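Residue-level listing of the chains:
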Amino acid sequence: MFIIYPKLKQMEDYRDNLNYIRGFIDSISYINTFHNDGKSYTVELIRKVNSDFQDTIRKHFNKNKWLVKTEPVVTNWRDVLKKELRHYFDQIIAETFIKTNRQILFDERGHYKQGAEKLIEKIRLDDDFYIDHLLQDKFLDCLENIVGEQPRLYRVEIDWHPKEEEYEGYYEGYCNDFLFDLGNQILFLHFGGSD
């Protein structure tokens, strides 16, 4: 059962909401990962280290040399996340369209016909297909149960190889990372992947 709390202050109080969100994004990750594009989705509640975002994220990943830049999001947080994260929620639309319209998209050799890729992209981004908006709105509602209506959101950029000699391991091929500042902890959002 999904529980909604009014104002939560302790990490333990977030547990039910976090477990629900993790299950939800695990499902989205599964239906939006196909043979050509693996996606990763993470929502983590992390205690702050030294009241510093970089120290907190470095400690969380156990990486001492990664450079972590944060930039406050000054516009509506829901609008920003909905725009920035859409392609992590809508790949299922393109895949379904491809599987159900093979005759108009592929030639007899199995190659895309001229204009097929543009048509797939148009279908994927068409606002008349409601499923991706439904999934995103549900995700954002779940986040709001934890962070409140007017949280402090930051865009996060992680440079995992600032210098070749300081290389500490691979992070992602591409990603959209954000964090919510919740006082003595952060809610870290990672949406990434690799082709």
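Residues numbered from 1 in each chain as written. Predicted model: local features only at pLDDT ≥ 70, side-chain atom pairs only at ≥ 80, totals over all residues. Heavy atoms only, no water.

Undergrad: I tried to follow the overall build of the protein chain on my own but got confused; where do I start?
TA: What the protein chain contains, in helices and strands, is 7 helices and 5 strands. Shown N-terminal to C-terminal, the secondary structure of the protein chain runs as helices and strands in the order α-β-α-β-α-α-α-α-α-β-β-β. When the 195 residues of the protein chain are sorted by exposure, 42% land in the buried category. Accessible surface for the protein chain amounts to roughly 11,500 Å². Of this, 49% is attributable to carbon and sulfur atoms. (Helix = DSSP H or I, 4+ residues; strand = E, 2+ residues; numbered from the N terminus. Buried < 20%, exposed > 50% of the residue type's maximum accessible area, 1.4 Å probe, protein only. Areas by Shrake-Rupley, 256 points an atom, 1.4 Å probe, with all protein chains shown as cover.)

Undergrad: I keep staring at the packing of aromatic side chains and nothing clicks. Help me out?
TA: Any pair of aromatic rings gets described here by the distance separating the centres and the angle formed by the planes. By the definition in use, this model includes 12 aromatic pairs. Aromatic side chains Phe-89 and Phe-139 sit 5.7 Å apart centroid to centroid with 45° between the ring planes, which places their arrangement in the tilted category. Placement of Phe-89 in the loop between α3 (77-85) and α4 (91-100) and of Phe-139 in helix α7 (residues 131-147) is noted, with a sequence separation of 50 residues between them. On the accessibility criterion, Phe-89 (0% relative accessible area) is buried. Overall, the relative accessible area of 1% leaves Phe-139 in the buried class. Ring geometry for Phe-106 against Tyr-112: centres 4.9 Å apart, planes inclined by 20°, an arrangement best described as stacked. For Tyr-112, a relative accessible area of 35% corresponds to the partly exposed category. An aromatic cluster is present here, built from Tyr-41, Tyr-88, Phe-89, Phe-139, Tyr-174 and Phe-191 joined pairwise through their rings. (Phe/Tyr/Trp six-rings, centres within 6.5 Å; stacked < 30°, edge-to-face > 60°.)

Undergrad: Would you mind going over the nonpolar core with me for this structure?
TA: In a soluble, globular protein the nonpolar side chains are often hidden away together inside. Core analysis: the largest hydrophobic core is formed by 30 residues, its most contacted members being Leu-81, Phe-89, Phe-139, Leu-143, Phe-180, Leu-187 and Leu-189. Secondary structure elements with two or more residues in this core: α1 (15-31), β1 (38-47), α3, α7, β4 (174-181) and β5 (185-194). Per-element accounting of this core gives the leading share, 7 residues, to α7. When sequence neighbours within four positions are dropped, the list of residues in contact with Leu-189 reads Thr-42, Val-43, Leu-81, Leu-143, Asn-176, Asp-177, Phe-178 and Phe-180. Grouped together as the second largest cluster of nonpolar side chains are 13 residues, Ile-46, Ile-57, Leu-179 and Phe-188 included. (Core = buried A, V, L, I, M, F, W, Y, C linked by side-chain atoms within 4.5 Å. Contact = heavy atoms within 4.5 Å.)

Undergrad: What am I meant to see in the pairing of β5 here?
TA: Two faces, one strand: in a regular strand the side chains alternate between the faces of the sheet. β5 sits mainly inside the fold: 9 of its 10 residues count as buried. Note that β1 and β5 share 10 bridges and pair antiparallel. Bridge pairing in β5 links Arg-47 to Gln-185. Where β4 meets β5, 8 bridges bridge the pair, whose relative direction is antiparallel. Bridging across to β5, Phe-178 finds its partner in Leu-189. Where β4 folds back onto β5 in an antiparallel hairpin, the turn is made up of 3 residues, including Gly-183, whose phi is positive at roughly 90°. (Pairing = 2+ DSSP bridges.)

Undergrad: Help me out: how do you make sense of the sheet that holds β4 in this one?
TA: One open sheet accounts for 5 strands, arranged β1-β5-β4-β3-β2; its pairing is antiparallel. At either end of the open sheet lies a strand with only one pairing partner, and these are β1 and β2 (67-72). For this sheet, the mean inter-axis angle between neighbouring strands, taken without regard to orientation, is 20°. (Axes fitted to C-alpha atoms, helices over the stretch in contact; angles between N-to-C directions.)

Undergrad: When you look at the environment of Asn-76 in this model, what are you seeing that I'm missing?
TA: When you line up the elements, Asn-76 lands in the loop between β2 and α3. Separated by 74 residues in sequence, Asn-76 and Gln-150 place their C-alpha atoms 8.4 Å apart. Side-chain polar atoms of Asn-76 contact the backbone nitrogen of Asp-79, separated by 3.0 Å. (Polar contact = N/O pair within 3.5 Å; in protein donor to acceptor, adjacent residues only side chain to side chain.)

Undergrad: Please explain the environment of Tyr-112 as it appears in this structure.
TA: Position of Tyr-112 among the secondary structure elements: in the loop between α5 (102-105) and α6 (116-124). Note: C-alpha distance between Tyr-112 and Arg-102 (10 residues apart in sequence) is 9.2 Å. Once residues lying within four places of it in the same chain are set aside, the contact partners of Tyr-112 are Ile-98, Leu-105, Phe-106, Glu-117 and Ile-120.

Shape is all these values report; function is a separate question.
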